[in-house]
Amino acid sequence: MNKNVILEVLMKCNRCGLCQEVCPTYRVSGNEFAVARGRNRLIRMAIEGQLEFDKEPEIEQFINECLLCKACETNCPSGVPTPELISQVREYYTSTKGLPIAKKIMYRGVFSHNKRIDLVRRLAKVYQKTGIKTLVRMTGVNNIFNKADDMLPDLPKNSVRGQLPMLLKNIHQPKYKVAYFLGCSVNNFFSSIGVATIKVLQKNSCQIIVPDVNCCGAPHNSAGDQREFKRLAIKNLKELAKLDPDAIIVDCSTCGSILKEYVGLFENEPEYQKLAKQIAEKVKDISSFLIEIGFKKEMGEIKARVTYHDPCHGVRFLNVQEAPREILKSIPGIELIEMNEADMCCGGAGSYSIFYPKLSRQILSRKINNFKKTGASILATSCPACTMQLSFGMKLHELTSPVKHPVELLAEAYDNKAK
Ligand code: SF4
Ligand code: SF4
């Protein structure tokens, strides 16, 4: 978008203030510049020359503190695409000033390379299991590293990719051939989700291929690093184009919506856009896919009260809302209870919780308090980034309730039948 187009879009904001009702950063801060209306006003003032993007650090702060959760856009009567405008400004900052060093190390240095993520997971596992953690903590260092450490779950010994030879089976007369897009968070930090996805798909007569993909590029995109985002997108598109599956399955709402966003990313490159469209049509959230194929209902019991948190990328980007709830309701013994503000962002937003911990924790506490009011013993969600944030919230609130993907509960219910 050029300046004139951005201005035209900004003019659509009639300042009604309806975005205040749904914007998580405004709900916890009460600050007018922490809501879509205020953020849009800052962008407009900068474009019209009343403020300067580069000379007012507060503008950058309010722009970066947006969660890109899309709640404002979904509820805006004028359809102002605030997250898109925010992304444009972030792209401007990244292209003129470069990525901040911590983000550069984390995103380009680690997330862009599967082998490096794997190495970091292994090192972090050693760190968690030995006395090094206590020693580091005793130094009292309060830095980005410690904030990331606070958030990390108890890491699995093996990545999902490392377990594939044991997990993948040849299915006799499969009904579907599916590609499983194994994202880096599930692969490295929440392998139990990936294992459950594979088991459930195989139980439902799917022959699975796991392509050798990279990170979807979500962290790079959210930081405005469009160059690296494109590089990763091209690699993934080429890898997925080698296959001809019935569906490309995602168990991470973020990966799913980013794979679909590749279409817009290549709006000026028709060759890649054509490919991106073909891929996007096949991308399916695991719960939606299972409902679509009429998944097997022979299950054992799980006696629990469960409530569901809608990941922003699930409910507002992929339009997935009912399917995970249908899966949960189908499990004998599970009582599904709705919580207040189930679709409000949890404050995780990728690495937002590491870089903006104060706001993130305020938003998280609101979510956990809503969870507590349900009396549920399990919090279900369909995004590993939310799982990390919500599990951290449980720790902060001294709760022991697990955070589970619906597919993990479904896999457990299948296992319970077999016992
Ligand atoms: S809801 Fe939309 S039109 Fe209303 S103030 Fe917010 S951004 Fe502007
Ligand atoms: S995207 Fe979310 S955090 Fe950002 S302005 Fe809109 S509602 Fe607020």
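Owing to the predicted nature of the structure, the values given are computational and were not obtained by experimental measurement.

Explain the overall build of the protein residue by residue, including any values.
Across its full length, the protein carries 24 helices and eight strands. Against the compact-globule benchmark of 22 Å for 419 residues, the protein has a radius of gyration of 21 Å, which places it among compact chains. Taking the principal axes of the C-alpha coordinates as reference, the protein spans close to 70 × 50 × 45 Å. The buried share of the protein, reckoned over its 419 residues, is 46%. Expressed as a percentage of contacts within the protein between residues at least 6 apart in sequence, the contacts between residues at least 24 apart total 78%.

How would you summarise the site of ligand 2 if you had to cite specific residues and measurements?
Neighbouring ligand 2 are 16 residues, the closest being Cys23, Cys66, Leu67, Cys69 and Cys72. Secondary-structure elements contributing two or more residues to the shell around ligand 2 are α2 (24-29), α3 (36-47), α5 (71-75) and α6 (82-97). Its residues placed into classes, the shell around ligand 2 shows 12 nonpolar, two polar and two charged.

Summarise the packing of helix α13 (residues 191-203) against helix α24 (residues 406-418); cite the residues concerned and give the values.
At their nearest, the axes of α13 and α24 sit 8 Å apart, and the two run at 55° to each other. Between α13 and α24, the angle is such that the two are oblique. You can see that α13 and α24 cross each other, and the crossing is left-handed. Contacts between α13 and α24 involve Ser192, Ile193, Ala196, Thr197, Lys199, Val200 and Lys203 on the former and, on the latter, Val407, Glu408, Leu410, Ala411 and Tyr414.

Tell me what's going on with the sheet that holds strand β7 (residues 378-380), and back it up with residues and numbers.
Pairing between sheet strands relies on hydrogen bonds along the backbone, with the strands arranged either parallel or antiparallel. What the four strands build is an open sheet, ordered β6-β5-β7-β8; its pairing is parallel. Of all the strands in the sheet, the pair left with one neighbour each is β6 (334-336) and β8 (403-404). One ladder, built from three bridges, connects strand β5 (residues 304-308) with β7; its direction is parallel. Looking at β7, one finds that Thr307 is bridged to Leu379.

Run through the nonpolar core, naming residues and quoting values.
In terms of nonpolar packing, the biggest core is built from 120 residues, with Phe181, Ile249, Leu259, Ile279, Leu328, Cys345 and Leu410 touching the most fellow members. If we skip the residues at most four places from it in the chain, Phe181 touches Val213, Ile248, Ile249, Val250, Cys255 and Leu259.

Please provide a residue-by-residue account of the site of ligand 1, values included.
Near ligand 1 you find 15 residues, and of these Cys13, Cys16, Cys19, Arg37 and Cys76 are the closest. Along the lines of polarity and charge, the residues of the shell around ligand 1 split into eight nonpolar, five polar and two charged.

Lay out the pairing of β5 in plain terms, naming residues and giving numbers.
Where β5 lies against β6, three bridges are found, and the strand directions are parallel. Bridging across to β6, Ala304 finds its partner in Ile334.

Kindly report on unusual backbone geometry, identifying the contributing residues and their values.
Phi is positive for Asn319, which is not a glycine, with a value near 60°. Tracing the backbone through its elements, the reader meets Asn319 in the loop between α19 (312-317) and α20 (322-330). For Asn319, a count of 12 C-beta atoms within 10 Å gives the class exposed.

Calculation rules
Residues numbered from 1 in each chain as written. Chains lettered and ligands numbered in written order. Predicted model: local features only at pLDDT ≥ 70, side-chain atom pairs only at ≥ 80, totals over all residues. Helix = DSSP H or I, 4+ residues; strand = E, 2+ residues; numbered from the N terminus. Rg over C-alpha atoms; globule rule 2.2 N^0.38 Å. Buried ≥ 20, exposed ≤ 12 C-beta atoms within 10 Å, placed from the backbone. Contact = placed C-beta atoms within 7 Å. Near = placed C-beta within 6 Å. Nonpolar A, V, L, I, M, F, W, Y, C, P; charged D, E, K, R; others polar. Axes fitted to C-alpha atoms, helices over the stretch in contact; angles between N-to-C directions. Parallel < 35°, antiparallel > 145°, perpendicular 65-115°, else oblique. Left-handed = near helix turned anticlockwise from the far one by under 90°. Pairing = 2+ DSSP bridges. Core = buried A, V, L, I, M, F, W, Y, C linked by C-beta atoms within 7 Å.

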